[in-house]
Amino acid sequence: MQKISKETRAGLVEGEFDPKFKGVVEAFIENFETRDEVGASHSMTLEGKTVIDIWGGRKAVDGEAWTRDTVSIVFSCTKGATAICAHMLADRGLLDLDAPVAKYWPEFAVNGKEEATVSMMLDHSVGLPHVRAKVKDGGYYDYDYMIDLVAKEAPFWQPGTRNGYHGVTFAWTVGEIVHRAAKKRLGVFFRDEVARPLGIDFQIGLPEADEARVAPMIYAVPDEATMKSKFTQAIIKDPQSASALFLGNNGNANFNSRECHAAEIGSANGISNGRGLAGLYAPLANGGGKLVSKDTLARMGRVAMATHEDATLLIPTRFALGFMKSMDNRKVENARGMSVILSDAAFGHVGMGGSIGFADPEARMSFGYNMNKMGNGILVNDRCQSLIDEAYLALGYRSNQSGVWAL
């Protein structure tokens with residue numbers, strides 16, 4: 001492993017890497033020099049061994065340095081952690097993904113959701129991209145309150161007939177199924193059964209003692225291309241659309257607040273860094289490790305739902321059960337920042353603003369990246385994608401016409 005200590009416009013980049021992946025490190029540095037990165041970390045494993053572990057920049061513009069143990073909110077990367085918990089329970093025979101939700105959560109099976117299955121919650125087809133009732137101030141931090149809202153909500157479409165990204169409600173659909181099957185809350189199950197055994201720095205419900213390590217998120221300012229997207233236009237034109245409710249009906253949640261970091265929002269408030277994200281997926285890149293069996297791992301990476309137009313995001317999307325697959329929307333009009341290009345075998349999850357964690361069982365690679373300055377768009381931006389591209393190039397992959405990296 002080669003050490004690095006390089007000054008950039010935003011601050012010092014440090015860490016170590018296998019020289020084979022020098023192109024990834026150069027792209028990481030270039031993000032600070034020309035792509036407006038403020039603070040970030042990136043880690044990658046290959047065959048279970050760390051081959052990149054780098055970090056740099058600052059925790060805030062003109063703020064203190066981003067250090068080895070700096071963490072940030074990784075938004076929807078949290079969904080991947082939650083989905084892993086559900087698959088672990090299925091692997092242990094404690095949760096049947098094909099069973100009706102009513103088997104575990106009878107209160108949910110009302111108002112048109114009687115036939116909904118657990119798998120529909122995981123693949124975003126259960127019909128609850130959000131709730132219509134106005135969320136009270138601080139509602140996202142009140143788990144029992146949100147569970148009750150979600151259980152009573154009528155679906156936006158007949159469950160299973162289409163999909164629409166459950167951007168926040170995934171926390172209280174899949175999260176509560178994990179709770180009921182495991183007999184313990186999601187955040188506790190994840191800590192006890194995943195994070196601690198793997199030795200990773202990833203928490204859903206952050207203790208106060210760790211708050212000082214958190215780099216606050218710097219929100220993106222929508223640019224002209226973002227304002228032209230179909231997703232943004234739907235928000236502007238119809239405040240009751242799934243798109244608008246997903247982003248706007250949030251009970252004035254402040255994702256930079258201590259109150260939010262301490263809550264359990266299993267779709268959106270996980271706190272980690274590149275090392276934690278790569279470590280989470282490392283077992284899944286290598287046969288399942290101690291998390292799941294090979295049969296369960298195969299199901300985790302298989303496309304379960306794909307559509308030409310996601311009912312929430314209004315772009316073509318592809319999902320496995322709880323995970324994102326490669327989504328190539330580069331030729332879709334007004335859809336900049338709405339793609340993530342992986343290999344066909346890879347699965348994981350993007351976080352709003354551009355973070356990502358994923359496993360590629362074919363390459364036996366796991367990958368994690370987080371940052372504090374969010375980019376525009378719904379999926380990854382050029383900062384994250386440049387790192388992914390260089391990683392695949394170093395492994396001998398080439399981009400093909402199907403919009404995935406392939407050998």
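Small disclaimer: the values here were computed from a predicted structure and weren't measured. (Residues numbered from 1 in each chain as written. Predicted model: local features only at pLDDT ≥ 70, side-chain atom pairs only at ≥ 80, totals over all residues. Heavy atoms only, no water.)

**Student:** Please explain the overall build of the chain as it appears in this structure.
**Tutor:** Looking only at helices and strands, the chain has 13 helices and 13 strands in total. Its C-alpha radius of gyration of 20 Å places the chain within 12% of the 22 Å reference for a compact globule of 407 residues. Across its three principal axes, the chain shows a C-alpha extent of roughly 60 × 50 × 45 Å. In the chain, which comprises 407 residues, the proportion classed as buried is 60%. Counted over contacts in the chain with a minimum sequence separation of 6, partners at least 24 positions apart contribute 67%. (Helix = DSSP H or I, 4+ residues; strand = E, 2+ residues; numbered from the N terminus. Rg over C-alpha atoms; globule rule 2.2 N^0.38 Å. Buried < 20%, exposed > 50% of the residue type's maximum accessible area, 1.4 Å probe, protein only. Contact = heavy atoms within 4.5 Å.)

**Student:** What is the right way to look at helix α4 (residues 143-152) in this model?
**Tutor:** Owing to its 3.6 residues per turn, the α-helix brings residues three or four apart onto one side. Within α4, burial applies to Tyr143, Met146, Ile147, Leu149, Val150 and Ala151. Against the buried residues of α4 lie α5 (170-182).

**Student:** When you look at the nonpolar core in this model, what are you seeing that I'm missing?
**Tutor:** When a protein is soluble and globular, its nonpolar side chains tend to lie buried together. Tyr140, Trp172, Phe190, Ile265, Leu284 and Ile356 are the most contacted members of the largest nonpolar core, which totals 128 residues. Setting aside residues no more than four positions away along its own chain, isoleucine 265 makes contact with Thr78, Tyr140, Val168, Ala171, Trp172, Ile204, Phe255 and Cys260. (Core = buried A, V, L, I, M, F, W, Y, C linked by side-chain atoms within 4.5 Å.)

**Student:** How should the side chain of threonine 8 be read in this particular structure?
**Tutor:** Among the structural elements, threonine 8 can be located in strand β1 (residues 2-8). Given a relative accessible area of 9%, threonine 8 falls into the buried group. With residues up to four places along the chain from it excluded, the contact list for threonine 8 reads Val13, Ile29, Phe32 and Glu33.

**Student:** Looking at this structure, how should I read the sheet that holds strand β4 (residues 49-57)?
**Tutor:** Within a sheet, neighbouring strands are paired by backbone hydrogen bonds and run either parallel or antiparallel to one another. With antiparallel pairing, seven strands are arranged side by side in an open sheet as β1-β2-β4-β3-β11-β10-β9. In this open sheet, the two strands that pair with only one neighbour each are β1 and β9 (347-351). Averaged over all pairs of adjacent strands, the angle between their axes in this sheet comes to 5°, without regard to strand direction. Alignment of strand β3 (residues 39-46) against β4, held across eight bridges, turns out to be antiparallel. Paired with serine 43 across the bridge in β4 is aspartate 53. Across the face of the sheet, helix α13 (residues 382-394) comes into contact with β3, β10 (355-360) and β11 (365-371) while running at roughly 160° to β11. (Pairing = 2+ DSSP bridges. Axes fitted to C-alpha atoms, helices over the stretch in contact; angles between N-to-C directions.)

**Student:** Any chance you could explain the pattern of salt bridges here in plain terms?
**Tutor:** Note that side chains of opposite charge can pair when their charged atoms are close. Across all of its chains, the model carries 27 salt bridges by this definition. Between glutamate 26 and lysine 22 there is a salt bridge whose closest N-O contact spans 3.9 Å. Within this pair, glutamate 26 and its partner lysine 22 are both found in helix α1 (residues 22-34), separated by four residues, close to a single helical turn. A residue is classified by how much of its surface remains accessible, and lysine 22, at 46% relative accessible area, is partly exposed. Note that arginine 68 is salt-bridged to aspartate 53, the shortest N-O span being 3.9 Å. Linking arginine 68 in the loop between β4 and β5 (72-73) with aspartate 53 in strand β4, this pair joins segments that are 15 residues apart in sequence. The partly exposed category is assigned to arginine 68, whose relative accessible area is 41%. By relative accessible area, which is 10% here, aspartate 53 ends up buried. Connected through salt bridges with shared partners, the residues Asp53, Arg68, Asp69 and Arg275 form a single ionic network. (Salt bridge = Lys/Arg side-chain N within 4 Å of Asp/Glu carboxyl O.)

Just geometry here; none of it tells us what the structure is for.
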